[in-house]
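Understanding the architecture of this molecule
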Amino acid sequence: MSSYLPESPESVFDLLSDELITEILTHIPSKPLCRFNSVSKRFNSIISHPNFLPFYVSCAISPSSWIILDRFPQIAPDSTHPTQFQLVDLPEISSSTINPRILASDPVTDPTRSEHPSTILHTSNGLILFSVSINRDPHKAHEKDPNSFSWRYSEEALYVVNPITSKWVGIGSIADLTHVGFTARVDRETGVVGRFMVVDYLPVIGSDYGRLLCFVSDTGKWVKRSANYMLRTHFWRAEGSFEFDGKLFWIDLSVGLITWDVDNNDYFASVERDEMAVCRFIPLPKSRMKPYNTPGLQDKRWVGGGGGFVQFIEVFEEGHCVFKCWRLKSCEVGGEWSLMYKVSRENVERFLTCDTSESGSKMPVPCFVHPFESDVVYFQTGEFIFSYNLRTQKVGTVVAFTPYQYVLPFVLPKWPSPIPKRLYAAYAKEEGNECFKSQNFTKAIECYCKSIDLSPNTATFANRAMAYLKVSKYQEAENDCTESLKLDANYFKVYCRRALARKELGNLKGALEDVELGLKLKPESVEVKKLQAELESMLEKVSIAGSESESGAEGAPRGMDVKAEGN
């Protein structure tokens, strides 16, 4: 029977249909599946097909898994890798290693002088945002931005990284980093992250105003947006932020939360419209409001999303109750909290005194709520992290812990979330713009080509068209203008550029049509009116010359071809 068996594993799959192979591949975990691209050309063809990824994500029958991640990466300045993540299964704590000197283009602050020169700030849909402390020259920073000045001698360089593939990208630096939010959005068609946004909220104390500093992956740029501040004289404590159900929240453990309200939580559209950000305050339960200068709240309170709810946990050092749990009824209106659980001191005393180390005499510090189980809370006490089920009142997972660790949950994506192509495209476009300004048009065209290959958009086509005009490649310029107008039919500059290209190509009628379309968008444009007059004059001369040619052609011998304009 062995003679009937295929000679190689690849030939076994040759006997199967693409549909059956696709069905088999959907049952393979994503991490090993990513390596299947190199197994065979057929596997690579199936996995690379644009319809495979959405199908794979939709067929994932197992619930998403998650890990506990240490917020403070270890520093390895001698490493050859910028980032490395050691992801381990529960109950162990996963860690990461970075080389800040490779990551940062600017000098990094001395890791031996900083307790935590690098910090994981947030996670969202399989991507991680972290910061690296770098040196800062206040005077040079002021030269770049004359409207602001800060004596800070260090600032935070921010990076977005995929911990599974170790792919990373820098997104710039912030001198006055307060409490930055991070949201990554999944594309409905592909099933993976298509864009992300980083938002830093800073209220102006004593006023009704604040500002948002936003980085959008679509453009690769930081932009400022005005916002409101509803607490006026309250000194806002910058104690973190979190994302829940697509909405960003900023935390002050003494009084409550501030969230940015946008229709359908579409922050990207709001930033693009350049509108004022409307923020809303959600107070903590009335009895739990504290003065802004209350010490030690970070060791007693936790607020965040977990198990499908926004939850507030507080630990009490005195009294019968050791901790309580509230849940926010709705993120949209009201901001009313419901007290869900009161846990008596006797219920957890067994755990707090069960070991002989110092941890037995310390109160537990709330860390986070289980991502999927709303009743399971994780606490840290001395040398351990333990989970506690509020409903069953039972201690669960116990993990060895060190005082230098600060943890957060990280939900593993069903498919390794890539760094959005649009960000790399935006960076390539910006590089092209710099080359254009320095009149290196050939290099600019190369950068624009790279950007368009990654993520075509109307502005990049328009920019490449202008660069083609500079090197007298008029047909290419016309083609790019046409592609740009397919994406945005109201792009005034592109009509002007295509008119110039068509003029040089001899298509005067087409050029005049573009000018007229441009004037419909901006009737007051003096330059376009001059071009219109020039084209009309040229067409008039061509018309006169054509009439003279026709009269002279009447007696011409048969077979003589009189060419029409524009051919």
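Note that residues are indexed from 1 along each chain, following the sequence as it is written. With pLDDT at 70 or above as the cut-off, local features in this predicted model cover only qualifying residues; side-chain atom pairs require 80 or more to be listed or tallied, and sums for whole chains, interfaces and linings still use all residues. Side-chain measures here rest on the full set of heavy atoms in the structure, leaving out hydrogens and waters.

**Describing the overall build of the protein chain**
Heads up, the condition is: Strands are runs of DSSP state E lasting at least two residues, helices are runs of H or I lasting at least four, and both sets are numbered from the N terminus onward. Three exposure classes are used, based on accessible area relative to the maximum for each residue type with a 1.4 Å probe and protein chains only: buried under 20%, partly exposed in between, and exposed over 50%. Contacts are residue-level and defined by heavy atoms, with any inter-residue pair within 4.5 Å sufficient. Using a 1.4 Å probe, accessible areas were evaluated by the Shrake-Rupley method; residue-level cover was limited to the displayed protein chains.
Broken down by element type, the protein chain carries 16 helices and 25 strands. Within the protein chain, the fraction of its 567 residues that count as buried is 48%. Sequence separation of at least 24 residues holds for 53% of the intrachain contacts in the protein chain that already meet a minimum separation of 6. Taken as a whole, the protein chain presents about 29,900 Å² of accessible surface, with 51% of it coming from carbon and sulfur.

**Observations concerning the sheet that holds strand 18 (residues 309-315)**
Selection criterion: Strands were regarded as paired on the criterion that DSSP finds at least two bridges between them. Structural elements are reduced to axes, namely lines fitted to C-alpha atoms, with helices fitted over the stretch in contact, and the angle between N-to-C directions of any two is expressed from 0 to 180 degrees.
Pairing is antiparallel in the open sheet, where 4 strands are placed in the order 17-18-19-20. A single partner strand is all that each edge strand has here, and the edge strands are strand 17 (301-306) and strand 20 (337-344). Neighbour-to-neighbour, the strand axes of this sheet turn through a mean angle of 20°, independent of strand direction. Sheet topology places strand 18 next to strand 19 (residues 321-328); 5 bridges connect them, and they run antiparallel. What sits directly across from Phe312, in strand 19, is Trp326.

**A short note on the nonpolar core**
Basically, it comes down to this: We define the nonpolar core as a collection of buried residues of types Ala, Val, Leu, Ile, Met, Phe, Trp, Tyr and Cys that are connected through side-chain atoms lying within 4.5 Å of one another.
Among the nonpolar cores identified, the biggest contains 25 residues, and Phe323, Phe368, Tyr378, Phe379, Leu390 and Val407 are the most heavily contacted of them. Of all the secondary structure elements, the ones that give two or more residues to this core are strand 1 (66-70), strand 18, strand 19, strand 20, strand 21 (365-369), strand 22 (376-381) and strand 23 (384-389). Among the elements that take part in this core, strand 22 stands out by supplying 4 residues, more than any other. Here Phe368 is in contact with Trp66, Ile68, Trp302, Val377, Tyr378, Val407, Leu408 and Pro409, once residues within four sequence places are set aside. Of all hydrophobic cores here, the second largest spans 21 residues; its members include Tyr229, Leu248, Tyr267 and Phe268.

**Some remarks on the sheet that holds strand 15 (residues 256-261)**
Strand order in the open sheet made by the 4 strands is 13-14-15-16, with antiparallel pairing throughout. Of all the strands in the sheet, just strand 13 (241-244) and strand 16 (278-283) have a single pairing partner and so form its edges. The mean inter-strand angle of the sheet, taken between neighbouring strand axes irrespective of direction, is 30°. Inspection of the sheet shows strand 15 paired to strand 16 by 6 bridges, in the antiparallel sense. Opposite Trp260, over in strand 16, you have Cys279 as the bridge partner.

**Digging into the confidence of the model for the protein chain**
Quick note on the threshold: Each residue carries a pLDDT score, the predictor's own confidence in it, on a scale running from 0 to 100.
Averaged over every residue, the pLDDT of the protein chain is 83; the share at 70 or more is 80%. Of the regions scoring below 50 in pLDDT, residues 1-7 engages in 3 contacts with residues more than four places distant in sequence or in other chains. Confidence drops under a pLDDT of 50 for residues 353-360, and excluding neighbours within four residues, the segment shows 10 contacts in the predicted structure.

**Regarding the packing of aromatic side chains**
The line we're drawing: Aromatic rings from Phe, Tyr and Trp, with only the six-membered ring used for Trp, were paired whenever their centres fell within 6.5 Å, and each pair was classed as stacked if the ring planes differed by under 30 degrees, edge-to-face if by over 60, and tilted otherwise.
Taken as a whole and judged by the stated rule, the model has 19 aromatic pairs. The interplanar angle of 25° and the centroid separation of 5.7 Å between the aromatic rings of Phe130 and Tyr159 together place this pair among those described as stacked. You can see Phe130 sitting in strand 6 (residues 127-135) and its partner Tyr159 sitting in strand 7 (residues 154-162), a full 29 residues away along the chain. Just as Phe130 is buried, Tyr159 falls in that class too. With centroids separated by 5.8 Å and ring planes inclined at 70°, the aromatic side chains of Tyr159 and Trp168 adopt a geometry described as edge-to-face. One aromatic cluster in this structure is built from Phe182, Phe196, Phe215 and Trp222.

**Here's the deal with the pattern of salt bridges**
Rules: Salt bridge criterion: a side-chain nitrogen from Lys or Arg within 4 Å of a carboxyl oxygen from Asp or Glu.
Taken as a whole, this structure holds 24 salt bridges when the rule is applied. For Asp375, the salt bridge goes to Arg327, with nearest N and O atoms at 2.7 Å. Residue Asp375 is located in the loop between strand 21 and strand 22, and its partner Arg327 is located in strand 19; the two are separated by 48 residues in the primary sequence. On the basis of relative accessible area, Asp375 is assigned to the buried category, the value being 14%. The closest approach of N and O atoms between Asp514 and Arg498, which form a salt bridge, is 2.8 Å. Placement of the pair is Asp514 in helix 15 (residues 508-521) and Arg498 in helix 14 (residues 492-505), with a sequence separation of 16 residues. The same class applies to Asp514 and to Arg498, which are both buried. Residues joined in a network through salt bridges with shared partners are Glu478, Arg498, Arg502 and Asp514.

**Side note on the packing of helix 13 (residues 474-487) against helix 14**
Stated formally: Roughly parallel means an angle under 35 degrees; roughly antiparallel means over 145; roughly perpendicular covers 65 to 115; every other angle is labelled oblique. The handedness criterion is simple: a crossing whose near helix is rotated anticlockwise from the far helix by less than a right angle is left-handed, and one whose near helix is rotated clockwise is right-handed. The nonpolar class holds Ala, Val, Leu, Ile, Met, Phe, Trp, Tyr, Cys and Pro. Asp, Glu, Lys and Arg form the charged class, and all remaining residues, Gly among them, are polar.
Contact geometry of helix 13 with helix 14 gives a least axis separation of 9 Å together with a crossing angle of 150°. Classed by the angle they form, the pair helix 13 and helix 14 counts as roughly antiparallel. Of the two possible hands of crossing, helix 13 and helix 14 adopt the one that is left-handed. Along its contact with helix 13, which presents Tyr474, Gln475, Ala477, Glu478, Cys481, Thr482, Ser484 and Leu485, the element helix 14 presents Val494, Tyr495, Arg497, Arg498, Ala501, Arg502, Glu504 and Leu505. Class assignment for the residues of the contact of helix 13 with helix 14 results in 8 nonpolar, 3 polar and 5 charged.

**Quick notes on unusual backbone geometry**
Of the consecutive residues Leu90 and Pro91, the connecting peptide bond is found in the cis state with omega at 10°. If you trace the backbone, Pro91 turns up in the loop between strand 3 (83-86) and strand 4 (93-98). Non-glycine residue Gln393 carries a positive phi angle of around 60°. Checked against the element boundaries, Gln393 lands in the loop between strand 23 and strand 24 (394-400). Take Gln393: its relative accessible area is 33%, and that puts it in the partly exposed class. Its identity is not glycine, yet Gln439 carries a phi of approximately 65°, on the positive side. Position of Gln439 among the secondary structure elements: in the loop between helix 10 (421-437) and helix 11 (441-454).

**Concerning helix 14**
Here is the rule: The span you would expect from a helix comes to 1.5 Å times its residue count less one.
Along its 14 residues, helix 14 runs 20 Å from first to last C-alpha, staying within 8% of the 20 Å computed at 1.5 Å per residue. Those residues of helix 14 not exposed but buried are Phe492, Val494, Tyr495, Cys496, Arg497, Arg498, Ala499, Ala501, Arg502 and Lys503. A positive backbone phi angle near 90° is found at Gly506, which sits one or two residues after helix 14.

**Concerning the state of the cysteines**
How we decide: Note that a disulfide, as used here, is simply two cysteine sulfur atoms within 2.5 Å.
Inspection of every chain in the model, using the stated rule, returns 0 disulfides. Sulfur of Cys435: no disulfide; nearest cysteine sulfur belongs to Cys447 and is 4.4 Å away. Taking the relative accessible area as the measure of exposure, Cys435 reaches 12% and is therefore buried.

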